Protein chains: 2
Amino acid sequence: MMIDHPLPPGSTIGILGGGQLGRMTSVAASRLGLKTHIYNDTPDAPAFDVAAAATVGAYDDLDAIARFAEQVDVVTCEFENVPAAALEAAGRSACVFPPVKSFEVAQDRLTEKDFVSGLGIAVAPYAAVATLADLKGAILRVPPPALLKTRRFGYDGKGQASIHTLCEAESAWEIIGEAPAILEGMVAFEREVSVIAVRGQDGTMRFYDVVENVHRGGILDTSTVPANMAPRLAGEAQAIAGRIAEALGHVGVLTVEMFQTGGASPSLAVNEIAPRVHNSGHWTQDACLISQFENHVRAICGWPLGDVARHSDAVMTNLIGDDAGEWRQNAAEAGTALHLYGKAEARPGRKMGHITRISPKS
Amino acid sequence: MMIDHPLPPGSTIGILGGGQLGRMTSVAASRLGLKTHIYNDTPDAPAFDVAAAATVGAYDDLDAIARFAEQVDVVTCEFENVPAAALEAAGRSACVFPPVKSFEVAQDRLTEKDFVSGLGIAVAPYAAVATLADLKGAILRVPPPALLKTRRFGYDGKGQASIHTLCEAESAWEIIGEAPAILEGMVAFEREVSVIAVRGQDGTMRFYDVVENVHRGGILDTSTVPANMAPRLAGEAQAIAGRIAEALGHVGVLTVEMFQTGGASPSLAVNEIAPRVHNSGHWTQDACLISQFENHVRAICGWPLGDVARHSDAVMTNLIGDDAGEWRQNAAEAGTALHLYGKAEARPGRKMGHITRISPKS
């Protein structure tokens, strides 16, 4: 179902998922005079604090999701692992953006790799793993060091096991719960980068500047923009994101994570795609006039896309778990914007907020 | 009542008034992990869409205000004309910032002029008017052209009448409803400017860059930063705002509007003060890392003040009444941020939103 005309100010966006991404999307929607209605499976959702309406319900409660969709003008999601049946239930009474195809591809690491490599875009070496015997065969084709990852429902390093020798196959298979998986060759990369792209309902696309990411313990630690990368290669990274968004018929923000390899003759391989606003795009709130959140809202509502130009350089640092206890110091720092997500409990590994340090554009 | 320690993330700010200023303050609070509870006298408040809690009640319903204050950790106001009794009722169970003194001074044009000129700061010539006979006498001391303004409850050009000759005294007195008033000499100014200052609970002060304002029909039309003003004079403007904030013992954002007069030997005269975030500071959302709204929140919560540095030049234009119908075109403009306040009805003279056009810092 497509929207023919832009949703006018005063319309309501339904968001499945009430975490920090939903929260910041809701705030971005308010700037355009749009309301949000948040659907979340627990009552303590950070996004509830900044939404016009809230529904608590399970993501597999299709009746509740259908009722929710009836009350809004368009539905979007803050996370990619929303069940297909939920998207379908929502889609019966509201437009859903991004389209189902983007979720289908992004929810399954094997489908994703097949899809991206099917477009002639490089990915890390990989092999499908359905059984322990498969895994042993895969290790011969994708030699260690390699990562065994569940096909579905992995994020922030969860559902993964590293394999350095063939004899680790059984323990890795156990660690990931013997679920359908892929074995991915570990790429000796110079840097990890991501492209935050946005595609409108009319196919218009825009790309934020390429950002360089550093992970720590499987979780994003810092995002730095501009990436330390030649302009030609950065342009290639954006073109890759564009080809994927186009092939998906995507609408909204699409994030493509890539590895830069090859030393003096650099090349790019796609690591992962996310059909949504992304942690590595949070810097756009502070270093661009129009953030990834607002551009996602504009795209799904059929509005003209906003300017993606960057007015400042930026380094975004995640506040994980106890990091958020430093808020007084962070708040006092010059050139620094502090963002806290309103989560009560600072559990280890939990994303509590982020800080963005900006400096004049290089 | 002072806050000894900063209010921690998760605390709730109560805001009296749910218009666009409350709405944008609520959004700014959310960035710091703070919640808001909005109190408004009608149920259609723009700020309700982005608040964790909402109360509909009259501003003179002291019981309702007291109950509201019991549920929050600090109380602030989005408008200066909140009744003194309401501030007092709120203050019995919560800290109220800015302090009562700032409201007392800003609510009454005569008190305000006396206060500012008592600090040795220049203001336009003025005289108190309690009766028609007073007015006739005042016109002799403050010769026309002059403005007759009610002492209380005037804004955006309401409660005002211009006087060009003595014989207009009676009609002007009628226009303003024969209310206690002041007669103000019209100043032949080169430009109108304002200073957005913020003062913390510990007395720390910060000043945004001086902004140049153009009014149309008594309502702010554009704010441009930087003001076309010599750095020395801009520094003087900030110093004046600082002296007023200090003398009030103000906490939060304080806006001081001034006239620049004197041609080649320029000088400044204070026109008006507002103990709150201000329309002429909306550009800070798009051209500064930390907006006036966030700095107000930081001040009233006892947090360190945020960086007021400007990363871009900016021109803010208000969208009044039907102007907001151009939202599609505004949204499509490069270098432009569109802000809509979520008001359903575009009445003439009603502030519906604003746009900020930014450009590289000059």
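An unreviewed UniProt entry annotates chain A as N5-carboxyaminoimidazole ribonucleotide synthase originating from Methyloceanibacter methanicus. The Catalytic activity (unreviewed entry) comment attached to chain A in UniProt states, word for word, "5-amino-1-(5-phospho-beta-D-ribosyl)imidazole + hydrogencarbonate + ATP = 5-carboxyamino-1-(5-phospho-D-ribosyl)imidazole + ADP + phosphate + 2 H(+)". Its UniProt record gives chain A a comment under Subunit (unreviewed entry), which states: "Homodimer."

1. Looking at the overall build of chain A
Within chain A one finds 11 helices and 18 strands. Relative to the 2.2 N^0.38 estimate, which gives 21 Å for 362 residues, the radius of gyration of chain A is 20 Å and therefore close to what a compact globule would have. The proportion of buried residues among the 362 residues of chain A is 59%. Here the analysis covers contacts within chain A between residues at least 6 apart in sequence; of these, 62% occur between residues at least 24 apart. Carbon and sulfur atoms provide 53% of the accessible area of chain A, an area that totals close to 13400 Å². Computing the positive centroid from 30 side-chain charges and the negative centroid from 42, chain A places the two 3 Å apart.

2. Describing empty space enclosed by the protein
Considering all chains together, one arrives at three cavities of 30 Å³ or more under this definition. What the largest cavity holds in volume is close to 750 Å³. Forming the boundary of the largest cavity are 36 residues, of which V27, R31 and Q285 of chain A together with V27 and R31 of chain B lie nearest the centre. Each residue belonging to the lining of the largest cavity can be placed in one class, and the counts come to 16 nonpolar, 12 polar and eight charged.

3. Topic: the packing of helix α1 (residues 20-31) of chain A against helix α1 (residues 20-31) of chain B
The geometry of α1 of chain A relative to α1 of chain B is characterised by a closest axis approach of 11 Å and an angle of 160° between their N-to-C directions. Looking at the two axes, α1 of chain A sits roughly antiparallel to α1 of chain B. Of the two elements, α1 of chain A crosses α1 of chain B, and the hand of that crossing is left-handed. Contacts between α1 of chain A and α1 of chain B involve R23, V27 and S30 of chain A from the first element and R23, V27 and S30 of chain B from the second. Considered class by class, the residues forming the contact of α1 of chain A with α1 of chain B number two nonpolar, two polar and two charged.

4. Concerning the domain arrangement of chain A
Residue and element names in this part refer to chain A. For chain A, the assigned domains read domain 1 (12-96), domain 2 (125-185) and domain 3 (191-360). Each of domain 1 and domain 3 has a C-alpha centre, and the two are 22 Å apart. If you look at the interface, domain 1 gives 18 residues, while domain 3 gives 22 residues. Between domain 1 and domain 3, a total of about 1800 Å² is buried, with carbon and sulfur atoms accounting for 66% of that surface. Three residues stand out in domain 1 for area buried against domain 3, namely Q20, M24 and L32, and they jointly supply 31% of the buried area on that side. Where domain 1 touches domain 3, the interface holds two salt bridges. A salt bridge links E80 to R276; its shortest N-O distance comes to 2.5 Å. Linking domain 1 with domain 3 are six residue pairs in polar contact (both at pLDDT 80 or more), by the criterion used here. Sorting the residues of the side of domain 1 that touches domain 3 by element identifies α1 and β4 (74-77) as the ones contributing at least two each.

5. Quick notes on the interface of chain B and chain A
Contacts between chain B and chain A engage 40 residues on the former and 40 residues on the latter. Both faces considered, chain B and chain A share a buried interface measuring about 3200 Å² in area, 61% of it formed by carbon and sulfur atoms. When the buried surface of chain B facing chain A is broken down by residue, R31, L289 and W327 of chain B rank first, second and third, together holding 19% of it. A salt bridge links D286 of chain B to R31 of chain A; the shortest N-O distance between them is 2.9 Å. Where chain B meets chain A, there are 15 residue pairs in polar contact (both at pLDDT 80 or more). Considering each element in turn, the side of chain B that touches chain A owes the most residues, five residues, to strand β17 (residues 336-340) of chain B. Here the side of chain B that touches chain A is composed, by residue class, of 23 nonpolar, nine polar and eight charged.

6. Some thoughts on the sheet that holds strand β5 (residues 95-96) of chain A
Strand pairing in a sheet relies on backbone hydrogen bonds. The paired strands run either parallel or antiparallel. Residue and element names in this part refer to chain A. With parallel pairing, five strands are arranged side by side in an open sheet as β3-β2-β1-β4-β5. Every other strand in the sheet has two partners, leaving β3 (53-56) and β5 as the edge strands with one partner each. In terms of strand pairing, β4 meets β5 through two bridges, oriented parallel. Within β5, the residue paired with V74 across the bridge is C95.

7. Comments concerning helix α3 (residues 84-91) of chain B
Residue and element names in this part refer to chain B. Those residues of α3 that sit buried are A86, L87, A89 and A90. Viewed along the axis of α3, the buried residues span an arc of 160°, placing them on a single side of the element. As for α3, its buried residues are in contact with α2 (62-70), β4 (74-77), β5 (95-96) and α4 (100-107).

8. Here we look at the pairing of strand β8 (residues 160-163) of chain B
In summary, the side chains of a regular strand alternate between the two faces of the sheet. All names here are of chain B. Along β8, the buried face is formed by A161 and I163; none of Q160 and S162, which line the opposite face, is buried. Looking at chain direction, strand β7 (residues 146-150) and β8 are connected through four bridges and run antiparallel. Residue pairing in the sheet places K149 in a bridge with Q160 of β8.

9. A short note on the relation of the copies chain B and chain A
After a rotation of 180° and a shift along the axis of 0.0 Å, chain B superposes on chain A with an RMSD of 0.0 Å. These values place the two chain copies in the arrangement generated by a two-fold rotation axis. No C-alpha of chain B approaches the rotation axis more nearly than that of V50 of chain B, which lies at 2.0 Å. When you check the interface residues of chain B against chain A, 100% turn up at the interface there too, and the contact is symmetric in its surfaces.

10. Some words on helix α2 (residues 62-70) of chain A
Residues and elements named next belong to chain A. Burial in α2 covers these residues: A64, I65, F68 and A69. Summarising the axial view, the buried residues of α2 lie within an arc of 135°, below the 170-degree limit, and thus occupy one face. Among the exposed residues of α2, those pointing more than 90 degrees away from its buried face are D63 and E70.

11. Some words on the pattern of salt bridges
The tally for this structure, following the rule as stated, stands at 40 salt bridges over all chains. In this structure, E272 of chain A engages R109 of chain A in a salt bridge whose closest nitrogen and oxygen atoms are separated by 3.3 Å. Remark: R109 of chain A occurs in helix α5 (residues 109-118) and E272 of chain A occurs in strand β15 (residues 267-274); sequence separation between them is 163 residues. By relative accessible area, E272 of chain A is classed as partly exposed at 23%. Look at R109 of chain A and you get buried, because its relative accessible area is 8%. With a shortest N-O distance of 2.4 Å, D313 of chain A and R310 of chain A are connected by a salt bridge. The class for R310 of chain A is buried, based on a relative accessible area of 9%. Through salt bridges that share partners, R31, E294 and R298 of chain A together with D286 of chain B make up one connected network.

12. What about the environment of G342 of chain B?
Here G342 of chain B shows up in the loop between β17 and β18 (351-360). A residue is classified by how much of its surface remains accessible, and G342 of chain B, at 28% relative accessible area, is partly exposed. Separated by 293 residues in sequence, G342 of chain B and D49 of chain B place their C-alpha atoms 8.4 Å apart. Residues within four places of G342 of chain B in sequence aside, it is in contact with G33 of chain A together with R23 of chain B.

Basis of the calculations
- Residues numbered from 1 in each chain as written.
- Chains lettered and ligands numbered in written order.
- Predicted model: local features only at pLDDT ≥ 70, side-chain atom pairs only at ≥ 80, totals over all residues.
- Heavy atoms only, no water.
- UniProt positions renumbered as here; feature names shortened; annotations may be inferred.
- Helix = DSSP H or I, 4+ residues; strand = E, 2+ residues; numbered from the N terminus.
- Rg over C-alpha atoms; globule rule 2.2 N^0.38 Å.
- Buried < 20%, exposed > 50% of the residue type's maximum accessible area, 1.4 Å probe, protein only.
- Contact = heavy atoms within 4.5 Å.
- Areas by Shrake-Rupley, 256 points an atom, 1.4 Å probe, with all protein chains shown as cover.
- Lys, Arg positive; Asp, Glu negative; His and termini not counted.
- Charge placed at Lys NZ, Arg CZ, Asp CG, Glu CD.
- 1 Å grid on protein atoms, 1.4 Å probe; cavity = no way out; pocket = protein on both sides within 12 Å on 5 of 7 lines; lining within 4 Å.
- Points joined across faces, edges and corners; volume = space filled by probe spheres on them.
- Nonpolar A, V, L, I, M, F, W, Y, C, P; charged D, E, K, R; others polar.
- Axes fitted to C-alpha atoms, helices over the stretch in contact; angles between N-to-C directions.
- Parallel < 35°, antiparallel > 145°, perpendicular 65-115°, else oblique.
- Left-handed = near helix turned anticlockwise from the far one by under 90°.
- Domains from an automatic or database assignment.
- Buried area = accessible area lost by both parts, 1.4 Å probe.
- Salt bridge = Lys/Arg side-chain N within 4 Å of Asp/Glu carboxyl O.
- Polar contact = N/O pair within 3.5 Å; in protein donor to acceptor, adjacent residues only side chain to side chain.
- Pairing = 2+ DSSP bridges.
- Arc of directions from axis to C-beta.
- Least-squares fit on C-alpha atoms with pLDDT ≥ 70 in both.

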